[in-house]
Every structure is written in C-alpha cells, then in structure tokens.
Amino acid sequence: MAETHVLFVEDDDVIREATQLALERDGFAVTAMPDGLSGLEAFRANQPDIALLDVMLPGLDGVSLCRRIRDESTVPVIMLSARADSIDVVLGLEAGADDYVTKPFDGAVLVARIRAVLRRFGHAGGSGAGGEAAAGPGERGVLAFGGLEVDTEGMEVRKDGEPVALTPTEMRLLLEFSSAPGTVLSRDKLLERVWDYGWGGDTRVVDVHVQRLRTKIGQDRIETVRGFGYKLKA
C-alpha cells in the first residue's frame with residue numbers, strides 16, 4: 001500500500017522539523033513547507049492525501065490557504081492553532097477545514113486525529129476534487145425530503161433537482177441526519193459517528209459544519225433542538 005502523503009505547512013522551524021520526523025516515523029510521507037504560498041504550490045504539485053495547516057502563516061495565512069485548497073479539492077484539512085479561542089477555530093472550520101488541533105499537541109494525538117479523518121473519508125489517499133466519502137448509514141438508494149434528494153449509493157445530493165456539492169465530511173453528516181429523519185442527534189453522538197471521536201471532542205466542530213451544510217441544502221432543513229442537538233426535518 002502506498003504511503004499516505006501529508007502536506008504540513010508550519011512557519012516555526014522547530015515544530016515543523018520535529019513534527020515531520022514524528023509523522024515519518026509513523027509511516028507517513030511528508031512534504032513540509034514554511035509559508036502559505038509555498039504550501040499552496042506544494043499542494044498543487046504533489047496532490048497530498050491530507051493537509052495540516054498552521055493558522056498563523058507568513059505570506060498567505062492558514063485560513064486563506066485552506067480556502068484556496070477547498071476551492072480546488074475536497075482533500076481533508078486539519079488546522080493547527082496555538083490558540084483555542086472561538087475566532088481561530090470557527091474561521092478555520094468555516095474556511096472548509098474538517099478538524100483542528102490546538103498547540104502544543106502530542107504527536108500520538110495528532111497521528112490519531114489524522115487517521116480518524118482519513119478513515120471517515122473512506123480512503124488513505126486520493127485528494128482529487130472528486131474525493132469519495134465512505135458509505136454512510138441507512139438504506140442504500142435515494143432518500144427524498146421535500147425538494148432534497150440524497151443518493152446514499154452514488155454519494156450525490158440534489159436540491160430542487162440541482163446538484164449540491166458537499167465535502168466528504170458534510171456528506172457523512174447529512175447521511176447521519178437522513179438515516180434518522182425527525183430524530184434528534186446530539187453533538188456528542190455526531191462527533192462519535194462523523195468525526196470518529198472515541199473521546200470527547202469540541203462540539204464547535206459540529207456546529208460550524210451543520211451551519212455549512214444548512215447554507216447548501218436550506219437553512220430550515222436542519223432544526224436546532226436547544227439543549228439536545230439537531231434533527232433533519234422529514
């Protein structure tokens with residue numbers, strides 16, 4: 001099996017070199033770059049399986065780099081930030097990141113998060129714009145909710161007959177909702193099922209992805225049940 005190729009963009013020389021060595025010891029092939037512009041060039045040249053982006057980068061910051069990558073590809077992206085405040089986290093997730101890790105991080109935890117992201121993308125490689133999501137729960141076939149159609153076999157979504165482009169994480173989230181329409185799913189349950197967290201995670205990841213999904217399939221399609229979670233309107 002080919003090595004999983006990681007693009008790692010970090011301007012701190014010590015963190016970049018130490019993390020690269022740690023990832024390579026765990027069997028990853030790593031391309032490490034010191035700034036956003038060189039990171040974008042490396043992404044286009046190498047087509048990595050996953051990108052790790054520091055938020056604070058010279059030239060082109062990590063959030064802007066994430067947006068540029070997301071414009072071209074559904075490759076999974078994990079943001080790295082020295083701050084865990086809402087602004088950094090939300091900006092990164094809204095830019096299209098699939099997860100984030102707060103510095104300083106333990107190498108084993110970072111590897112676990114990388115592997116969790118890759119598992120839910122249903123592959124260990126392949127970063128093209130047509131990246132596949134693993135088949136989600138529920139009946140295989142086309143599920144219809146008013147003008148919303150979810151093809152659980154072809155991994156396609158249509159709204160009022162028009163195709164809707166979702167990232168693999170957004171698709172897996174929608175598959176969870178569509179497998180149990182009208183049922184309230186807690187944030188913790190969604191973290192476990194969609195993000196593959198066997199431990200407690202930051203529920204802001206869920207909230208931002210739900211909002212991103214709403215903008216694509218309709219703001220009123222997913223209902224917030226205060227104090228409990230979210231549900232898809234049948």
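Basis of the calculations
- Residues numbered from 1 in each chain as written.
- Predicted model: local features only at pLDDT ≥ 70, side-chain atom pairs only at ≥ 80, totals over all residues.
- Heavy atoms only, no water.
- Pairing = 2+ DSSP bridges.
- Helix = DSSP H or I, 4+ residues; strand = E, 2+ residues; numbered from the N terminus.
- Axes fitted to C-alpha atoms, helices over the stretch in contact; angles between N-to-C directions.
- Contact = heavy atoms within 4.5 Å.
- Buried < 20%, exposed > 50% of the residue type's maximum accessible area, 1.4 Å probe, protein only.
- Arc of directions from axis to C-beta.
- Parallel < 35°, antiparallel > 145°, perpendicular 65-115°, else oblique.
- Left-handed = near helix turned anticlockwise from the far one by under 90°.
- 1 Å grid on protein atoms, 1.4 Å probe; cavity = no way out; pocket = protein on both sides within 12 Å on 5 of 7 lines; lining within 4 Å.
- Points joined across faces, edges and corners; volume = space filled by probe spheres on them.
- Nonpolar A, V, L, I, M, F, W, Y, C, P; charged D, E, K, R; others polar.

Now for the sheet that holds strand 1 (residues 5-9). Spatially, the five strands line up as an open sheet ordered 2-1-3-4-5, and their pairing is parallel. Of all the strands in the sheet, just strand 2 (29-33) and strand 5 (99-102) have a single pairing partner and so form its edges. With strand direction ignored, the average angle separating the axes of adjacent strands in the sheet is 20°. By the bridge criterion, four bridges tie strand 3 (residues 50-54) to strand 4 (residues 77-81) in an arrangement that is parallel. Note that in strand 4 the partner of Asp 54 across the bridge is Leu 80. On the sheet, helix 5 (residues 107-120) packs against strand 3, strand 4 and strand 5 and is oriented at approximately 180° with respect to strand 5.

A word on unusual backbone geometry. Residue Pro 104 is reached from Lys 103 by a cis peptide bond, and omega for that bond is -10°. Mapped onto the elements, Pro 104 comes out in the loop between strand 5 and helix 5. Although it is not a glycine, Gln 47 sits at a positive phi angle of roughly 50°. Looking at the element boundaries, Gln 47 is found in the loop between helix 2 (36-46) and strand 3. Relative accessible area serves as the criterion here: at 37%, Gln 47 is assigned to the partly exposed category.

With that out of the way, let us pick up helix 7 (residues 187-194). Listed as buried for helix 7 are Leu 190, Leu 191 and Val 194. The arc that holds the buried residues of helix 7, viewed along the axis, is 105°, so those residues lie on one side. Exposed side of helix 7, more than 90 degrees from the buried face: Asp 188 and Glu 192 are the residues found there. Contacts made by the buried residues of helix 7 are with helix 5, helix 6 (168-179), helix 8 (204-217) and strand 11 (229-232).

Relative orientation of the contacting elements helix 2 and helix 3 (residues 62-72) amounts to 20°, with a least axis distance of 10 Å. Taken together, the axes of helix 2 and helix 3 lie roughly parallel to each other. Of the two possible hands of crossing, helix 2 and helix 3 adopt the one that is right-handed. Judged by residue contacts, Gly 36, Gly 39, Leu 40, Phe 43 and Arg 44 of helix 2 engage Leu 65, Arg 68, Ile 69 and Glu 72 from helix 3.

On to the pairing of strand 7 (residues 148-151). The alternating pattern of strand 7 places Leu 148 and Val 150 on a buried face and Glu 149 and Asp 151 on a face that is not buried. As defined by bridge partners, strand 6 (residues 142-145) adjoins strand 7 across four bridges and the pair is classed as antiparallel. In the strand pairing of strand 7, Ala 144 is matched with Glu 149. In the sheet, strand 7 pairs with strand 8 (residues 156-159) via four bridges, with the strands oriented antiparallel. Looking at strand 8, one finds that Glu 149 is bridged to Arg 158.

Summed over the entire model, instances satisfying the criterion amount to one cavity of 30 Å³ or more. Of the volumes computed, that of the largest cavity is approximately 40 Å³. Val 55, Met 79, Leu 80, Ser 81, Asp 88, Val 89, Gly 92 and Tyr 100 are the residues that line the largest cavity. Elements that contribute at least two residues to the lining of the largest cavity include exactly strand 4 and helix 4 (86-94). Its residues assigned to classes, the lining of the largest cavity shows five nonpolar, two polar and one charged.

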